[in-house]
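Fold and contact review
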Amino acid sequence: MNNPASMQDMVKHAFANMRGRLTPQAPLGPRTWFRVGGAAEWLFQPADAEDLAGVLQRLSPELPITALGACSNVIIRDGGLEGVVVRMARGFADITVEADGIIAGSACLDATVAEHAAQAGLSGLEFLAGIPGSIGGAVRMNAGAYGSDIANVLDWAEIITRDGSLIRLDNAALRFGYRRSGLPEGAFVIRARLRGIPANPQDVANRIAEVRAARELSQPVRARTGGSTFRNPDAETSSRKAWELIDAAGCRGLRRGDAQVSEKHCNFLINLGNATAADLEGLGEDVRTRVAQNSGVSLHWEIKRLGKTEASSQ
């Protein structure tokens, strides 16, 4: 959008009847787990699905729009995000427990859904206790850990498309793959139904405790970090996991400014205090280069990098 006045008019029209909150130049860094990044040109927190659909129906397709959830698996670049950033909040945090599953809003934290499943005596969702982030992001990237993933438990997801249409997609329609889904471009996950198996609540709670203990032992959960930085390679490419390739390339503890490869788990990046988004992304690229030189394997980012570099925003 090269004409600020034109963009102002588009925004004014699209958000004229909203019930949520619209904030110009909203800092995004404090909302991310890494605590880095620039501002959203406009940050919209819709009141509910109807509010979001109405805005999308009026929003010009020329206007860039980005969905953000818990911001646990994202680096927001230092120049921030152009256009409208939509962040799901309280209006998308309902949880409904059924006899053989849970319907969870996209803003629900994965760990919270696991806890509700335990209380209801539903097994099969314990792995969510080991995944940082929210259900919307988990569906979008087919999040997984500790032997399971979203593709194994999802019955359906409701989405709102870029034109404001509400659609329910079943598991097959989402075309899940390793750390990816076939969600339509520009779609927003509203809620999802996850299957559970009736079980003894204490047994489920014990399994969740095991998952949390394993995560605490192996990952830098108390640091300014995100989820896994790189996807594990395909079996045809390498039999080793991403962290093994990173370790073998001598990257454990590697630093760029205040960005560091975790000593505890070298597929995690850490902000030691004053890192910038450029430091973190640059460090990740350093790791990719060293791994490629050492093993010939090209690692692919699992963490999303969004927005403009600081230089391009000036």
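Residues numbered from 1 in each chain as written. Predicted model: local features only at pLDDT ≥ 70, side-chain atom pairs only at ≥ 80, totals over all residues. Heavy atoms only, no water.

Looking now at the overall build of the protein chain. From N to C terminus, the protein chain includes eight helices and 19 strands. In terms of C-alpha radius of gyration, the protein chain reaches 20 Å, essentially the compact-globule figure of 20 Å for 314 residues. Principal-axis analysis of the C-alpha atoms gives the protein chain an extent of 55 × 55 × 35 Å. Across the 314 residues in the protein chain, those meeting the buried criterion constitute 50%. Within the protein chain, residue pairs in contact and separated by at least 24 positions form 65% of the contacts whose partners lie at least 6 positions apart. Approximately 14300 Å² of the protein chain is accessible, and the part contributed by carbon and sulfur atoms is 46%. With 35 positive and 35 negative side-chain charges, the protein chain shows a separation of 2 Å between the mean positions of the two kinds. (Helix = DSSP H or I, 4+ residues; strand = E, 2+ residues; numbered from the N terminus. Rg over C-alpha atoms; globule rule 2.2 N^0.38 Å. Buried < 20%, exposed > 50% of the residue type's maximum accessible area, 1.4 Å probe, protein only. Contact = heavy atoms within 4.5 Å. Areas by Shrake-Rupley, 256 points an atom, 1.4 Å probe, with all protein chains shown as cover. Lys, Arg positive; Asp, Glu negative; His and termini not counted. Charge placed at Lys NZ, Arg CZ, Asp CG, Glu CD.)

Its identity as a non-glycine residue notwithstanding, Asn 142 has a phi of 50°, on the positive side. You can see Asn 142 is positioned in the loop between α4 (135-141) and β9 (144-145). In this structure, Tyr 146 takes a positive phi of about 50° despite not being glycine. Mapped onto the secondary structure, Tyr 146 falls in the loop between β9 and β10 (148-149). Its relative accessible area of 31% is what places Tyr 146 among the partly exposed residues.

Judged by pairing direction, the sheet is mixed, and its four strands sit side by side in the order β1-β2-β5-β3 without closing on themselves. Each end of this open sheet is capped by a strand with a single partner; those strands are β1 (21-27) and β3 (65-68). Between one strand axis and the next, the sheet turns through 30° on average, direction left out of account. By the bridge criterion, four bridges tie strand β2 (residues 39-45) to strand β5 (residues 81-87) in an arrangement that is parallel. Paired with Leu 43 across the two strands is Val 85, which belongs to β5. (Pairing = 2+ DSSP bridges. Axes fitted to C-alpha atoms, helices over the stretch in contact; angles between N-to-C directions.)

Glancing now at the pairing of strand β13 (residues 188-195). With six of eight residues buried, β13 is to be regarded as a mostly interior element. Taken together, the five bridges between strand β7 (residues 101-105) and β13 define a ladder with antiparallel strand orientation. Among the inter-strand pairings, Ala 104 is bridged to a residue of β13, identified as Ala 192. Two elements, strand β11 (residues 154-160) and β13, share six bridges in a ladder whose sense is antiparallel. Considered in β13, the bridge of Trp 156 is made with Arg 193.

Overall, antiparallel pairing links the five strands, which are arranged β6-β7-β13-β11-β12 in an open sheet. Taken across any chain shown, the strands that pair with only one partner, and hence form the sheet edges, are β6 (95-98) and β12 (166-170). The sheet shows a mean angle of 15° between the axes of neighbouring strands, direction not considered. Two elements, β11 and β12, share five bridges in a ladder whose sense is antiparallel. By the bridge assignment for β12, Trp 156 is matched with Asp 170.

Let's shift gears to the environment of Trp 42. Examined against the element boundaries, Trp 42 turns out to sit in strand β2. With 98 residues separating them in the primary sequence, Trp 42 and Arg 140 have C-alpha atoms 23 Å apart.

Considered for burial, the residues of helix α3 (residues 110-120) that qualify are Asp 110, Val 113, Ala 114, Ala 117 and Ala 118. The buried residues of α3 occupy an angular sector of 140° when the element is viewed end-on, so they sit on one face. On the buried face of α3, the contacting elements are β6, β7, β8 (122-123), α4, β13 and α6 (201-218). Looking one or two residues past α3, Gly 121 carries a phi angle of roughly 70°, positive in sign. (Arc of directions from axis to C-beta.)

With respect to the element layout, Arg 215 can be found in helix α6. Buried and unpaired, Arg 215 has Glu 216 as its nearest opposite-charge partner, separated by 6.9 Å. Ignoring any residue separated from it by four or fewer positions in sequence, one finds Arg 215 in contact with Trp 33, Gly 130, Pro 132, Tyr 146 and Val 221. (Salt bridge = Lys/Arg side-chain N within 4 Å of Asp/Glu carboxyl O.)

We now examine helix α2 (residues 49-58). Among the residues of α2, Asp 51, Leu 52, Ala 53, Gly 54, Val 55 and Leu 56 are the ones counted as buried. With a side-chain oxygen lying 3.3 Å from the backbone nitrogen of Glu 50, the N-terminal cap of α2 falls on Asp 48. (Polar contact = N/O pair within 3.5 Å; in protein donor to acceptor, adjacent residues only side chain to side chain.)

Scanning the model with the defined rule gives two aromatic pairs in all. Ring geometry for Phe 15 versus Phe 44: centroids 4.9 Å apart, planes at 75°, classification edge-to-face. Here Phe 15, found in the loop between α1 (4-14) and β1, pairs with Phe 44, found in strand β2; they are 29 residues apart in sequence, far enough to count as distant. Both residues of the pair, Phe 15 and Phe 44, belong to the buried class. (Phe/Tyr/Trp six-rings, centres within 6.5 Å; stacked < 30°, edge-to-face > 60°.)

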